[in-house]
Amino acid sequence: MGLREFVSDAWSWLNYKPMMTTASTGLPHRALAPAARPGWLPPDAARRLAAYKILAAYDANQAGELAVLTGNEAGCERREFGDAAAFVNTTLAHLLGRAQQIVAPGAEHAGDEEPTPEAVAAAEVQHRLRDWAEKELLPLRMQAAERKAVLLGDAVYLLAWDPEKERVRLRTLDPGFYFPVLDEDADPGDYPAKVHLAWEIPEDPTCGTKARVRRITYELGPIAAATRSTGSGRRGLVADGSGGWLLEQGDVLHPETGRIERTYPWAQRPSAVTCYLTDAEWELDDLRLGQQLDDLPLEKARVKTRADGEVLDRLDLRIDFLPIVHVTNSVSDGEHFGQSALAPVMQALDELAESDTDSARASATTGAPIIGLAGVRTEVDRVTGRPRPLAVEPGTVFQLGDGGRMDVLDTSAQLAELRARVEEVRERAAVNARLPAVSLGTADPSRVPSGYALQLSLGPLDSLIESMRLARAHKYALLLRFVQRLHQAGQAEGWPAGPTTPVRLAFGPHTPTDRGAVLEEVVRAVGAGVLSLETGVRMLQEAGYPIDDARAEIERIAAGKASGTAPRPVSPPRAGSSPASTS
């Protein structure tokens, strides 16, 4: 394996691969992390970036190509048929469900006869967020980000206010660009106070540019004032009265402590913290050995300038949070980064590829068997004087002499055994990945004995999806909270100042739902007064009925009752009737 010592971290499940840790340097192979040699990359990030590249190779059926680059010449014969991508896509589909919905608790009561102000405010926020999500293509961006999270273990969202579009813009980033500055004494689950987004830009001889590294830094720090010399030309600065300092509009300076405070639109008390943005580039030739990402020489930096002329050197964003949301695929257990869905089955995927390779070789000898002939005269090559090889084609006839014979090597038994081995390994990988055959589409529905047996077989998948959604619940609530606050900070129309409304992202059901059974349950429960109409409509919505807005649906039901055109109650199906449809 090449390990000089026992390594146990978030990516130790890849230690069985020699390419992950070389004996000479202790770092991953150069083909995995070519940027691991320059000094700007933090040492603890080398294994993470190497793991990302290995996982991406498995997803793209390039694991064999990567093995050749790291010295394994036999990797060119590796047969890969998309098993890793199938596991990732299946897990992603069940994770996201059929649809995702932004829900503000209490918004369904805004249509009551006497709604509370909280219910009305929740409904307004829910409507504005759903409108923003539609404009920003949130489901599409979630699909891209969550696939990275399922495959690599991590995903990153970046939020920014766009004054031209007058709304918050949402971007998804490759987690390989994400470098948080973590405090050793802090809890790994705590939100970092400083984050770097960095990547290396290769040289371009045609444009005459050298290789360089770009670093975008978001950092929380105390609010700082500008002097009259450095603040000249900056808009929105006002004198504090002492004659020496310039403050942002609304900031308050406490002369006795030198502390500057401001009250944010979403806060009820002043804060002395703000977020600073710095965007700069460094040429790799200007970096010395030992200068890592967090301490690059500022005197050699080339600072970026925004389109409006603002220099991005510790630019005050006037928010008290980092507009970055890091999503992990697994629940944190002392680690800041998540774990890939392929982590438990990596060795099984290797075994599956090897079995597929052996099966392909055996099928070649079965379809075109090796034939031995005795007692046949072969044609001699006049140039070399050696017998020419015989070509065996359909309809070929060989004339054998006395005592001649033909022997055929039959490898069909080995081929059948190898195919059985492939199915055995695939089934074991599905079990370890907690993806039952019915979820992968490999089970025959006609062989399922009952719906209860089907439900039991989906038990591992249910626990897997619940765990993955639990790891994301707080992060998406945080993202929607940041969206509200950035709209408030940008003074967008319809986003008044005030406390942030708690909002969550609801995922759709991940398994087929018996819509008829849900409808029967809702009709009985609402009719008996056990459930409210709001809860019943929400149950129908989650079951997959085409109800876009629960509040509007309740209003239509109430209007139908008032006009006398409400539909009659649905009677429960009698024994022997056709089964309920599923979706």
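Attention in this report is confined to the structure presented alongside it. (Residues numbered from 1 in each chain as written. Predicted model: local features only at pLDDT ≥ 70, side-chain atom pairs only at ≥ 80, totals over all residues. Heavy atoms only, no water.)

**Remarks on the pattern of salt bridges**
When the charged atoms of two side chains with opposite charge come close together, those side chains can pair. The line we're drawing: Think of a salt bridge as a Lys or Arg side-chain nitrogen and an Asp or Glu carboxyl oxygen that are within 4 Å of each other. Each helix is a run of DSSP H or I of at least 4 residues and each strand a run of E of at least 2, with the numbering of both proceeding from the N terminus. A 1.4 Å probe rolled over the protein chains alone gives each residue an accessible area, and that area as a share of the maximum for its type sets the label: buried under 20%, exposed over 50%, partly exposed in between.
In the structure shown here, the tally under the stated rule is 30 salt bridges. A salt bridge links K135 to D131; the shortest N-O distance between them is 3.4 Å. Taken as a pair, K135 and D131 lie in helix α4 (residues 117–135) at a separation of 4 residues, close to a single helical turn. Here D131 falls in the partly exposed class, since its relative accessible area comes to 33%.

**Looking at the packing of helix α3 (residues 83–96) against helix α5 (residues 138–152)**
Short version of the rule: Angles shown run from 0 to 180 degrees and are taken between the N-to-C directions of axes, each axis being a line fitted to C-alpha atoms and, for helices, limited to the stretch in contact. Reported orientations rely on four angle classes, namely roughly parallel under 35 degrees, roughly antiparallel over 145, roughly perpendicular from 65 to 115, and oblique for the rest. Each crossing is labelled by how the near helix is turned from the far one, with a counterclockwise turn of less than a right angle marking it left-handed and a clockwise turn marking it right-handed. Residues count as neighbours in contact if any of their non-hydrogen atoms are within 4.5 Å of one another. Classification convention: Asp, Glu, Lys, Arg as charged; Ala, Val, Leu, Ile, Met, Phe, Trp, Tyr, Cys, Pro as nonpolar; all other residues, Gly among them, as polar.
At a closest axis distance of 10 Å, the pairing of α3 and α5 adopts a crossing angle of 125 degrees. As the angle between them shows, α3 and α5 are arranged oblique. Seen from above, α3 lies across α5 with right-handed handedness. Side by side, α3 and α5 meet where A85, V88, N89, T91, L92, L95 and L96 of the first sit next to M142, Q143, E146, R147, V150 and L151 of the second. Broken down by class, the residue content of the contact of α3 with α5 amounts to 8 nonpolar, 3 polar and 2 charged.

**Things to note about the side chain of S355**
Topologically, S355 is positioned in helix α6 (residues 346–367). The class of S355 is buried, set by a relative accessible area of 4%. With sequence-adjacent residues up to four places away left out, S355 is seen in contact with R421 and V422.

**Section: the environment of D350**
Relative to the elements of secondary structure, D350 occurs in helix α6. Considering only alpha carbons, one finds D350 and A63, 287 residues apart in sequence, at a separation of 9.1 Å. Apart from residues no more than four positions distant in its own chain, D350 is found in contact with Y16, K17, Y58 and R78.

**Thoughts on the side chain of D154**
Stated formally: Charge counting follows a simple rule: Lys and Arg are positive, Asp and Glu are negative, and His as well as the terminal groups are ignored. Residues adjacent in sequence count toward polar contacts only when both atoms are side-chain atoms; beyond that, a polar contact is any pair of N or O atoms within 3.5 Å, and within protein one must be able to donate a hydrogen and the other to accept it.
Tracing the backbone shows D154 in strand β2 (residues 154–162). Here D154 sits buried without a salt bridge, and the closest side chain of opposite charge, R48, lies 5.6 Å off (N-O distance). Among the polar contacts made by the side chain of D154, one reaches the side chain of H326 at a distance of 2.9 Å. At 2.8 Å, the side chain of D154 forms a polar contact with the backbone nitrogen of G338. The contacts of D154, once residues within four sequence positions are left out, are Y52, K148, A149, P175, H326, V327, T328, F337 and G338.

Any functional reading would require information that these geometric values do not contain.
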